[in-house]
Amino acid sequence: MDQDVVHFVGGLVDQSVGKVAQVVARVRGLVDSGVLRDGDRMPSTRAMAAELGVARGTVVAAYDQLDGEGYIRTRQGAAAVVVGGGGAGTVPSAEGSRATGGGRAAPVGGPATGRGGRATLAGDRASGDGSTTAPPAIRRVPHPGTAVLDARPGIPAVTAISQRDWRAAWRAAADAPLRNGLSDPLGLPELRTQIAAQLGLTRGFSPDPERVVVTAGTSDAISVVTEGLRTLLGRSPRVAVEDPGYPTGRRAVTSAGGTVLGVPVGADGLDLDALAALPPVDAVMVTPTHQYPLGSVMPVARRRSLLDWATRTGTLVLEDDYDSEFRHRGSPVPALAALDRAGSVLHLGGFSKTFDPRLRCSWIVLPAAEDDRSAAVLAARRARGPVVAEPVQVAVAHLLRSGALRRHLGRVRRDAAHRREQVLARVGASGDAGLEARALDGGLHAVVTWPGPATGHAVVDGMAALGVLVAALDDYGVRPGSLPTGVVLGYGALTSIELDRVLGLLVSAIAAG
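Quick caveat: nothing in here was measured; it's all calculated off a predicted structure.

Draft legend 1. Structural context of the sheet that holds strand β13 (residues 445–449). Pairing in this open sheet of four strands is antiparallel, and the strands run β12-β13-β16-β15 from one edge to the other. For this open sheet the edge positions go to β12 (436–438) and β15 (471–472), each flanked by a neighbour on one side alone. Two strands pair when backbone bridges link them, and β12 and β13 are joined in this way by three bridges, in the antiparallel orientation. Note that in β13 the partner of Arg-438 across the bridge is Val-447.

Draft legend 2. Representation of the side chain of Thr-315. Among the structural elements, Thr-315 can be located in the loop between α11 (300–313) and β9 (316–320). By relative accessible area, which is 1% here, Thr-315 ends up buried. A polar contact is formed between the side chain of Thr-315 and the side chain of Thr-313, at a distance of 2.7 Å.

Draft legend 3. How the structure looks around the sheet that holds strand β7 (residues 269–270). The strand order across the open sheet built from eight strands is β4-β11-β10-β9-β8-β5-β6-β7, with neighbouring strands paired in mixed fashion. Two strands lie at the open edges of the sheet, namely β4 (212–215) and β7, each paired on one side alone. Where helix α7 (residues 189–202) meets the sheet, its contacts fall on β4, β10 (345–350) and β11 (362–365), and the angle it forms with β4 comes to roughly 110°.

Draft legend 4. Seen up close, the packing of α7 against helix α14 (residues 390–401). With their axes 9 Å apart at the nearest point, α7 and α14 run at an angle of 35° to one another. Relative to α14, the crossing made by α7 is left-handed. In this structure, α7 contributes Glu-190, Leu-191, Gln-194, Ile-195 and Gln-198 to the contact, and α14 contributes Gln-393, Val-396, Ala-397, Leu-400 and Arg-401. Residue composition of the contact of α7 with α14, grouped by class: five nonpolar, three polar and two charged.

Draft legend 5. Representation of the environment of Val-387 within the structure. As for its position among the elements, Val-387 is in the loop between α13 (372–384) and α14. On a C-alpha basis, the gap between Val-387 and Arg-360 in space is 8.8 Å, while along the polypeptide they are 27 residues apart. Ignoring anything within four residues of it in the chain, the contact list for Val-387 reads Thr-215, Ala-216, Asp-220 and Arg-381.

Draft legend 6. View of the nonpolar core. Leu-191, Leu-275, Leu-306 and Val-423 are the most contacted members of the largest nonpolar core, which totals 83 residues. Excluding its chain neighbours within four sequence positions, the residues that come into contact with Leu-306 are Leu-272, Leu-275, Val-286, Met-298, Val-317 and Leu-336. If you look at the next biggest cluster of nonpolar residues, it comprises 33 residues, including Leu-186, Val-213, Tyr-322 and Leu-346.

Draft legend 7. Examining unusual backbone geometry more closely. Residue Pro-244 is reached from Asp-243 by a cis peptide bond, and omega for that bond is 5°. For Pro-244, the position within the fold is in the loop between β5 (238–243) and α9 (247–255). A cis amide bond links Tyr-292 with the next residue in sequence, Pro-293, at an omega value of 10°. Its location among the elements puts Pro-293 in the loop between β8 (283–286) and α11. Despite not being glycine, Arg-360 shows a phi value in the positive range, around 50°. When you line up the elements, Arg-360 lands in the loop between β10 and β11. The exposure class of Arg-360 is partly exposed, given its relative accessible area of 40%. Phi at Ala-439 takes a positive value of approximately 65°, unusual for a residue other than glycine.

Conventions used here
- Residues numbered from 1 in each chain as written.
- Predicted model: local features only at pLDDT ≥ 70, side-chain atom pairs only at ≥ 80, totals over all residues.
- Heavy atoms only, no water.
- Pairing = 2+ DSSP bridges.
- Helix = DSSP H or I, 4+ residues; strand = E, 2+ residues; numbered from the N terminus.
- Buried < 20%, exposed > 50% of the residue type's maximum accessible area, 1.4 Å probe, protein only.
- Polar contact = N/O pair within 3.5 Å; in protein donor to acceptor, adjacent residues only side chain to side chain.
- Contact = heavy atoms within 4.5 Å.
- Axes fitted to C-alpha atoms, helices over the stretch in contact; angles between N-to-C directions.
- Left-handed = near helix turned anticlockwise from the far one by under 90°.
- Nonpolar A, V, L, I, M, F, W, Y, C, P; charged D, E, K, R; others polar.
- Core = buried A, V, L, I, M, F, W, Y, C linked by side-chain atoms within 4.5 Å.

This is the structure we're talking about:
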């Protein structure tokens, strides 16, 4: 098929249009019309360039753009292939169908069922424990025979990683010497060293690897910290959390014996006046780089004010740095831990957004100076024992050491930038003056709000019945009814074709009321 593609594309004759744009437009047209179908091989860039009489760089740039738009998928050392072609805009039958977009659709029955056998379809950020945990709300089950397109937040582009890099990492794990003995509960030294090096390159601070603790996802990290504080204090620790915020994080606090207190969030992140007005708290959990889910960025001045308050009050700050790798507008903001001079910040991060949440691999970075709180967290981690399989740690360390993570992030950032622009364009073109897309300066999700009359849950239910899963914004609030009407959708794992379908159904569902 690859030589046929060259024939179909033909020569480039329109001198008023750039050559890259012409190649892109031709291939798009062939995919949209069904001439090119899912799985068809594209010619090599060299063969296509020779046939069209253009520079190879022109074809490379065109393939890169088509990859970012979700029309083809390129792989280093392998032929590019078409994804989602041949009429992929429709929802196939769950029986005997081929999922669109390279296998992203799933048959009905994939979501976990709630009480009464009904599926719980509300979304949440990937917790890093191998699942995308839904807030406790019941949603309508998709109609039988409908494939599920999961556009809930927290699902990264797992298939975007280079297969060669992925296999090399697991070969490294398989080649690691066998030994008798248990793993270090704090994590494999090599992985802790690589995480520290990565933070030095990307987040503005270089912790001692001895202060890095490997955990089984962010929820595990929050649970360990809460347990450590509970043991240290001899009572239930009081933890201030963002409202709206991370539902799984709140549940991790309460399940470990803590008490949560909601603090409103504004355009600059956590409301520090409201935080100061609370009864004394032992810890505060924040997402300063990209507030979850509303997307605000806490300015550096406010970060310093938060740290000053934490120092004065002796409050521990849990910085959940969940998607700092994806910054689409403005300069990268340093981690809160990079500004901490008093040892107030525990930095939480992980690989759920960059690789695969099923790895269940995240980390806590303790402050440089040892104190009772850090010692309590370490004791809680040791008491629970090792939680991330050592072969997984070896594989992840290899991905970091070999540069595969940096290469993967470069690719995914490009794809995410395309998706972000697509969301903005589609919502802007809806004609509804009240429809607004938010949280798009970073990350891999968007918040879409509207003035009414449709409720967020009604829209979620209606889209679920058609096989598209999104989350109601209201499910992220600590106080019921405190948020604008809206939904949260993730676009990290969707192709351009899939995202267009999701956005079209969303606009229609909102308009239908």
